[in-house]
Amino acid sequence: MRWRKATICGPPVLALILLTLFADRRERGFILGDLEEEFHDLARDRGRRVAVRWYWSQAIRSAGALLASRLTSAGTIKSASAILTASLTAILSATAFGLLLGRFLSSRGEPTFPTIAMVVVACALVSSTCAGCAWAWVAGRPNRWAISFVGIVVLLPDIVYTGRSLVVEAQLLTLLPLALAIVATFSGLALGGRLWRFAHPNVLSGDTP
Amino acid sequence: MTRPRLGEFEILILAALLRLGIDAYGVSVRREIEDRTGRSISIGAVYTALGRLENKGFVSSRVGEPTAERGGRAKRYFRTKAAGRSALEEAVAAIGRMTEGLVT
């Protein structure tokens, strides 16, 4: 793609990059052109601040649809490679977070969890489940059991620590890695698709193995 | 071989293409649907649906000239093919038969 230097009058660069990551290269130019045209119209009529908010809204909402379209039209192996990258990214980032948080809590001397290992396992479990649910969603195969499992894991601290003073800390230990895993999963999915294309430059989108 | 079915959003896209005629491209289609239905539509959803319709053989596209207001990028114009028009008519007729007497 031809990268353009951001100017103070153009669309927000980060949103532009987000769309570049998720849009298929054959449609990328048309989509970015449409958005830039509407961005300039909106900036002229209602001001740049409104236009920037609108552009970000379009970029975030479009990213999900574009990524789902690419993965559902991709071959099984391509989807699997993207999902594997997403899962590994989610697990590694959440595990790292769990280690850091466990060390922090231990240094404060507060017995929130018996061992750091349990924190790490909980974080990895939550993040990998989140990655699996994200795969199910983008592949068009929603799995109610997996989604329910995520809900149960998130609510587990409330169930286990009901009536005690540790609910807030315990809830943070599941919600924060969950949020981290969501971000890591989507970035991993985009990266996985790019890695696949890099490794298989002659394979067209939509080919089934 | 059975004809591919249209989803709800695909019906809106085809109708927008028929209304817009030769001026149908991403921006105009998105605005047409937003103005007529009151729904907020993302450009990604529009292109995803247009891609599906093209794969089903209901829509064709051509590339226009790049313009400065689009950052030097070209427009992609879409138009409905005869099969798309027939599919839209069938879908609308089916909805009409199902809702006959129910909606006033």
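Here the structure is a predicted model, which means the values were calculated and not measured.

Participant: When you look at the packing of helix H1 (residues 8–20) of chain B against helix H3 (residues 43–55) of chain B in this model, what are you seeing that I'm missing?
Facilitator: A pair of packed helices is captured by two measures, namely the crossing angle of their axes and the spacing between those axes. Residues and elements named next belong to chain B. Relative to each other, H1 and H3 sit at 85 degrees, their axes nearing to 10 Å. Considering their axes alone, H1 and H3 lie roughly perpendicular with respect to each other. Listed contacts from H3 to Phe9, Glu10, Ile13, Leu14 and Leu17 of H1 are Ala45, Val46, Ala49, Leu50, Arg52 and Leu53. In terms of residue class, the contact of H1 with H3 is built from 9 nonpolar, no polar and 2 charged.

Participant: Help me out: how do you make sense of the pairing of strand S1 (residues 59–67) of chain B in this one?
Facilitator: If a strand is regular, its side chains alternate between the two faces of the sheet. Residues and elements named next belong to chain B. Where S1 lies against strand S2 (residues 73–80), 7 bridges are found, and the strand directions are antiparallel. Counted as the bridge partner of Arg62 is Tyr77 from S2. Connecting S1 to the antiparallel partner S2 that follows it, the hairpin turn spans 5 residues, and Gly71 within it adopts a positive phi of roughly 65 degrees.

Participant: Which parts of the structure should I look at to understand the side chain of B:Arg73?
Facilitator: All names here are of chain B. Relative to the assigned elements, Arg73 resides in strand S2. Given a relative accessible area of 8%, Arg73 falls into the buried group. Within the structure, the side chain of Arg73 is placed 3.2 Å from the backbone oxygen of Arg70, a separation counted as a polar contact.

Participant: Would you take a moment to explain the pattern of salt bridges for this structure?
Facilitator: If the charged atoms of two oppositely charged side chains come close together, the side chains can form a pair. Taken as a whole and judged by the stated rule, the model has 14 salt bridges over all chains. Here A:Glu37 and B:Arg70 are joined by a salt bridge, their closest N and O atoms 2.9 Å apart. Taken as a pair, A:Glu37 in helix H2 (residues 25–46) and B:Arg70 in the loop between S1 and S2 lie in two separate chains rather than in one. Close ionic contact of B:Glu34 with B:Arg30 constitutes a salt bridge, the shortest N to O distance being 2.6 Å.

Participant: What is the right way to look at the interface of chain B and chain A in this model?
Facilitator: Interfaces are often sized by the accessible area lost when the parts come together. In this complex, chain B contributes 22 residues to the contact, which on the side of chain A involves 23 residues. Summed over both sides, the interface of chain B with chain A buries roughly 2000 Å², with 47% coming from carbon and sulfur. Ionic pairing is found between A:Glu38 and B:Arg30, a salt bridge with its closest N-O pair at 2.8 Å. Our count for the contact surface shared by chain B and chain A stands at 13 residue pairs in polar contact (both at pLDDT 80 or more). Elements supplying a minimum of two residues to the side of chain B that touches chain A: helix H2 (26–37), H3 and S2 of chain B. Here the side of chain B that touches chain A takes 5 residues from H3(B), the largest share from any one element.

Participant: Can you walk me through the nonpolar core in this structure?
Facilitator: Where a protein is soluble and globular, its nonpolar side chains tend to be buried together. Within the largest apolar cluster, 40 residues are counted, with the highest numbers of intra-cluster contacts made by A:Tyr55, B:Leu6, B:Ile13, B:Leu17 and B:Val29. Here this core takes 7 residues from H1(B), the largest share from any one element. With residues near it in sequence (within four places) discarded, B:Val29 still touches B:Ile13, B:Ala16, B:Leu17, B:Leu20, B:Ala24 and B:Val46.

Participant: Which parts of the structure should I look at to understand the packing of aromatic side chains?
Facilitator: Note on aromatic pairs: each is described by the distance of the centres and the angle between the planes. This structure, assessed with the given rule, holds 3 aromatic pairs over all chains. Taking 5.7 Å as the distance between ring centres and 85 degrees as the angle between the ring planes, the aromatic pair formed by A:Phe39 and A:Tyr55 counts as edge-to-face. Placement of A:Phe39 in helix H2 and of A:Tyr55 in helix H3 (residues 48–73) is noted, with a sequence separation of 16 residues between them. The ring of B:Tyr25 carries B:Lys75 above its face, with NZ or CZ at 4.2 Å from the centroid.

The rules behind each value
Residues numbered from 1 in each chain as written. Chains lettered and ligands numbered in written order. Predicted model: local features only at pLDDT ≥ 70, side-chain atom pairs only at ≥ 80, totals over all residues. Heavy atoms only, no water. Axes fitted to C-alpha atoms, helices over the stretch in contact; angles between N-to-C directions. Helix = DSSP H or I, 4+ residues; strand = E, 2+ residues; numbered from the N terminus. Parallel < 35°, antiparallel > 145°, perpendicular 65-115°, else oblique. Contact = heavy atoms within 4.5 Å. Nonpolar A, V, L, I, M, F, W, Y, C, P; charged D, E, K, R; others polar. Pairing = 2+ DSSP bridges. Buried < 20%, exposed > 50% of the residue type's maximum accessible area, 1.4 Å probe, protein only. Polar contact = N/O pair within 3.5 Å; in protein donor to acceptor, adjacent residues only side chain to side chain. Salt bridge = Lys/Arg side-chain N within 4 Å of Asp/Glu carboxyl O. Buried area = accessible area lost by both parts, 1.4 Å probe. Core = buried A, V, L, I, M, F, W, Y, C linked by side-chain atoms within 4.5 Å. Phe/Tyr/Trp six-rings, centres within 6.5 Å; stacked < 30°, edge-to-face > 60°. Lys NZ or Arg CZ within 6 Å of the ring centre and 35° of its normal.

The values are spatial; any link to function lies outside them.
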